[in-house]
Each structure stands twice: as C-alpha cells, then as structure tokens.
Amino acid sequence: MTKVSVTEEITMMIPSQFRLMTDDEIASRYFSTKRPVAIYTDQSVTIDLGVNKSVTQWSADDLEIMVSFQKSNIYNFYDEIEMISQGVKEVNGKKAAYFEFVSTVKSDNSTQSFKSQSAVKKYTYIQYMIVGQHAWVFNFTSPIQLQNEWQPQLADIMDSVEFIKKKK
C-alpha cells in the first residue's frame, strides 16, 4: 500500500500497483459530465478506486438521511443487489457510511446481436463521508472473480481516508 494525496485536503492508502486513470480511460468507462476528483486503477484497468465530491450540499447531521437516499439509489441503479454489509463507522475522527455489495447488471436482450451477453457481476464497496458542506464518495469496484482477493484489503484502504485541515 502507498499513501497518496488525493487532493490538498485528502490522503489515503491505495494499492501500490494502482495508478491514476487517464482522461481517455475515464471517458471510455464513465459517462458523466462532471469529472471525478480522482480514479485509480490497476494495470489491467479492471479494478477502480474512485474519489468524488457531491455537488449537493449536506450537513454532517444529514448522514443518516443521505444513507437512506444513497441506498435507494444503489438498489435502483442495478438489476440485482446482494448486500454484504452496511453501516456507519468512524474513520479518522469522522463518521462514514458504507455499503459493501455484489451487483448484477443483466444484458439487454432486446438488441439484436450474434453473440449473447451474460449478466455482469461486480463487487463494490462505497463509503460516504460528509465534510464541510459536501459528501465525499470513495468507491471500489472489481469483477466478482476478484472479490476474495480484495475484500480483506478494503478495510485498510477505506479506513485510511484522512481529511487534513487547511492551514490559514
């Protein structure tokens, strides 16, 4: 693991073999008008560790409300969800909500194709922290086949997130 400065105010540990995703890789894999703060990936570009900041303003007291909202979004975004764990914990003095799950996105059989596509299953761990007036999202996603390899390391990764107070 290597400690990185994600921004001037955030540090965290990431796997030493990870690197920042290029702009072209981000554009080809993520369809969003807002660029993420950072996305790290492995050398094969199959595992992603992303950091993003919400545009919606929140108060630290809103964590429980945000959790129910985000949980609903997770269940609506995928065809199937197998929730492994969820809850609220403390990470370096700040409250963090987390969801760990396996998602399934089924293929769209309505399009004509010579090859049939099977459902895509992914292992995901998402952590939300409200700092200042914004929610920060830390998400890890890998193919389901790599869940057993990465699951034990995620506590170290997600628990390493640290917000540094800016000097005035």
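Here, every reference points to the structure presented above.
For clarity, every value in this text was computed on a predicted model and none was experimentally measured.

### Overview of the pattern of salt bridges
Oppositely charged side chains may form a pair once their charged atoms are brought near each other.
Right, on to step 1. Within this structure, the stated rule accounts for five salt bridges.
Right, on to step 2. Between Arg19 and Glu25 there is a salt bridge, and its shortest N-O distance comes to 2.8 Å.
Right, on to step 3. For Arg19, a relative accessible area of 25% translates into the label partly exposed.
Right, on to step 4. One salt bridge in this structure joins Asp23 and Arg35, with 3.0 Å as the shortest N-O distance. On the criterion of sequence distance, the pair formed by Asp23 in helix 1 (residues 23-29) and Arg35 in the loop between helix 1 and strand 4 (38-41) is long-range, its members being twelve residues apart.

### Some words on the side chain of Thr141
Right, on to step 1. Here Thr141 shows up in strand 9 (residues 134-143).
Right, on to step 2. Other than its neighbours up to four places away in sequence, Thr141 contacts Thr46, Ile47, Asp48, Lys122, Tyr123 and Thr124.

### A short note on helix 2 (residues 63-77)
Right, on to step 1. Between its first and last C-alpha, helix 2 extends 21 Å over 15 residues, near the 21 Å set by a 1.5 Å rise per residue.
Right, on to step 2. Within helix 2 the residues assigned to the buried category are Leu63, Met66, Val67, Gln70 and Ile74. The buried residues of helix 2 occupy an angular sector of 105 degrees when projected down its axis, which confines them to one face. Exposed residues on helix 2 whose side chains face more than 90 degrees from its buried face are Ile65 and Asn76.
Right, on to step 3. As for helix 2, its buried residues are in contact with strand 6 (80-91), strand 7 (94-105), strand 8 (120-131) and strand 9.

Definitions and cut-offs
- Residues numbered from 1 in each chain as written.
- Predicted model: local features only at pLDDT ≥ 70, side-chain atom pairs only at ≥ 80, totals over all residues.
- Heavy atoms only, no water.
- Salt bridge = Lys/Arg side-chain N within 4 Å of Asp/Glu carboxyl O.
- Buried < 20%, exposed > 50% of the residue type's maximum accessible area, 1.4 Å probe, protein only.
- Helix = DSSP H or I, 4+ residues; strand = E, 2+ residues; numbered from the N terminus.
- Contact = heavy atoms within 4.5 Å.
- Expected span 1.5 Å × (residues − 1).
- Arc of directions from axis to C-beta.

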